[in-house]
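Each chain is listed here by its residues.
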Amino acid sequence: MTDLDVSADHGFHDPRHINVHPSEAFAGMRAAGRLAAECLDAVTPHVAPGVTTDALDKVAYDFILDHDAVPACLNYRGYPKTVCTSVNHVVCHGIPGPKTLKDGDIVNVDVTLILDGWHGDTSRMYPVGEIRKRAEILIDTTFEAMMAGIAKVKPGATIGDIGAEVERIAHAARCSVVEDFCGHGIGRRFHEPPNVVHLGPPGSGPKLAEGMFFTVEPMLNLGRPDVRVLADGWTAVTRDKSLSAQFEHTVGVTADGVEIFTLSPAGLNRPPYAA
Ligand code: MF3
Ligand code: CO
Ligand code: CO
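Our subject in this report is the structure included herewith. (Residues numbered from 1 in each chain as written. Chains lettered and ligands numbered in written order. Predicted model: local features only at pLDDT ≥ 70, side-chain atom pairs only at ≥ 80, totals over all residues. Heavy atoms only, no water.)

What about the packing of aromatic side chains?
Thinking step 1. Inspection of every chain in the model, using the stated rule, returns eight aromatic pairs.
Thinking step 2. Their ring planes at 80 degrees and their centres at 5.0 Å tell us that phenylalanine 26 and phenylalanine 213 sit as a pair that is edge-to-face. Residue phenylalanine 26 is located in helix H1 (residues 24-43), and its partner phenylalanine 213 is located in strand E9 (residues 213-216); the two are separated by 187 residues in the primary sequence.
Thinking step 3. Residue phenylalanine 213 is classed as buried on the basis of its relative accessible area of 2%.
Thinking step 4. Aromatic pair tyrosine 79 and tryptophan 234: ring centres 5.0 Å apart, planes at 80 degrees, arrangement edge-to-face. Here tyrosine 79 is found in the loop between strand E1 (70-71) and strand E2 (83-87), whereas its partner tryptophan 234 is found in the loop between strand E11 (227-229) and strand E12 (236-238), with 155 residues between them in sequence.
Thinking step 5. Taken together, the aromatic side chains of Phe26, Trp118, Phe213 and Phe261 make up a single cluster linked through ring pairs. (Phe/Tyr/Trp six-rings, centres within 6.5 Å; stacked < 30°, edge-to-face > 60°. Helix = DSSP H or I, 4+ residues; strand = E, 2+ residues; numbered from the N terminus. Buried < 20%, exposed > 50% of the residue type's maximum accessible area, 1.4 Å probe, protein only.)

Now the structure itself:
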């Protein structure tokens, strides 16, 4: 996800300009999105107690290179790895390392790759071993909030319509929505306008049009929405140490609705992943 300033990425025209792509561009996004989803599918069986987040990063890195794609996060603004692995109270941008996952953890794996110049960006939550009921509720609520937000996407709807739906589902389950990070326009660039805030009210924000590409990637917390970034400059955590969860899809606005580019071909969109 992006922080609230995407202008540094933009170039010289109106920094709020939202790209509208021709129908041919959907093929590129479809292929990139599918490969990103398949990358998470490949990571899925490796998530288990005792596995390091570095090991998950290597699975993703090898998968991306094996499929003639480019890891978008690696060296992006100095980011050192292929994926982000955000464990428990880490909200987003956790950096893979030598620490092992333990029974009862929850972890988000977020991958972005570039295929033929197009970006696919997606993340999922993984339970590690047996998790607590409240962690399961947080994960389920976050997935439902993302999907309900995506279901609002069509020409003429607004970014606020998506966010209002995310908020509605989150608050009904007494979860908070993180305000400091949001989804983003995507395409030939990783992060571009619009900022996809996961907040209402309905009707607020930019109006959607056919051919826009962006991510929907809400972060929900069991406690307060407040976040702080650690001294590594990346790892964002909940200030109150409460558990946090996130899912992310890359989508395109179609003539009459939405296409999700990052659906799992294996049907591994949400836990439980095991048969
Ligand atoms: N994949 C993240 C997103 O959803 C971005 C991570 S930026 C990185 O936008 F540099 F940390 F990789
Ligand atoms: Co993103
Ligand atoms: Co992402």
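Considering the pattern of salt bridges
Thinking step 1. All chains considered together, the criterion is met by 13 salt bridges.
Thinking step 2. For lysine 58, the salt bridge goes to aspartate 62, with nearest N and O atoms at 2.8 Å. Here lysine 58 pairs with aspartate 62, and both are found in helix H2 (residues 53-66), just four residues apart, close to one helical turn.
Thinking step 3. Here glutamate 192 and arginine 189 are joined by a salt bridge, their closest N and O atoms 3.1 Å apart.
Thinking step 4. Connected through salt bridges with shared partners, the residues Asp140, Glu144 and Arg270 form a single ionic network. (Salt bridge = Lys/Arg side-chain N within 4 Å of Asp/Glu carboxyl O.)

Points about the sheet that holds strand E3 (residues 90-92)
Thinking step 1. The three strands lie next to each other as E3-E12-E11, forming an open sheet whose pairing is antiparallel. Of all strands in the sheet, those bounded by a partner on one side alone are E3 and E11. Averaged over all pairs of adjacent strands, the angle between strand axes in this sheet comes to 40 degrees, irrespective of strand direction.
Thinking step 2. Relative to E12, E3 runs antiparallel, the two sharing two bridges. Residue pairing for E12: valine 90 is matched across the bridge by valine 237. (Pairing = 2+ DSSP bridges. Axes fitted to C-alpha atoms, helices over the stretch in contact; angles between N-to-C directions.)

Focus: the coordination of the cobalt ion (ligand 3)
Thinking step 1. Taken together, Asp110 (OD), Asp110 (OD), Asp121 (OD) and Glu248 (OE) make up the protein donors of the cobalt ion (ligand 3), found 2.0 to 2.4 Å from the metal.
Thinking step 2. Taken together, the six donor atoms surrounding the cobalt ion (ligand 3) define angles of 58 to 169 degrees at the centre, an arrangement classified as irregular.
Thinking step 3. One chain supplies every donor to the cobalt ion (ligand 3), and in sequence these donors are spaced D-x10-D-x126-E.
Thinking step 4. A spacing of 3.3 Å is found between the cobalt ion (ligand 3) and the cobalt ion (ligand 2), which share aspartate 121 as a donor. Of this pair, aspartate 110 sits in strand E4 (residues 106-115) while aspartate 121 sits in strand E5 (residues 118-127); the two residues are 11 residues apart in sequence, bridging distant segments of the chain. (Donors = N, O, S within 2.8 Å, 3.2 Å for Na, K, Ca; no water. Tetrahedral: all angles 85-135°; square planar, octahedral: opposite > 155°, others 65-115°.)

Thoughts on the pairing of E9
Thinking step 1. Of the two faces of E9, the one holding Phe213 and Thr215 and the one holding Phe214 and Val216 are both buried throughout.
Thinking step 2. The pairing of E9 with strand E14 (residues 249-253) spans four bridges and is classified as antiparallel. Counted as the bridge partner of threonine 215 is threonine 250 from E14.

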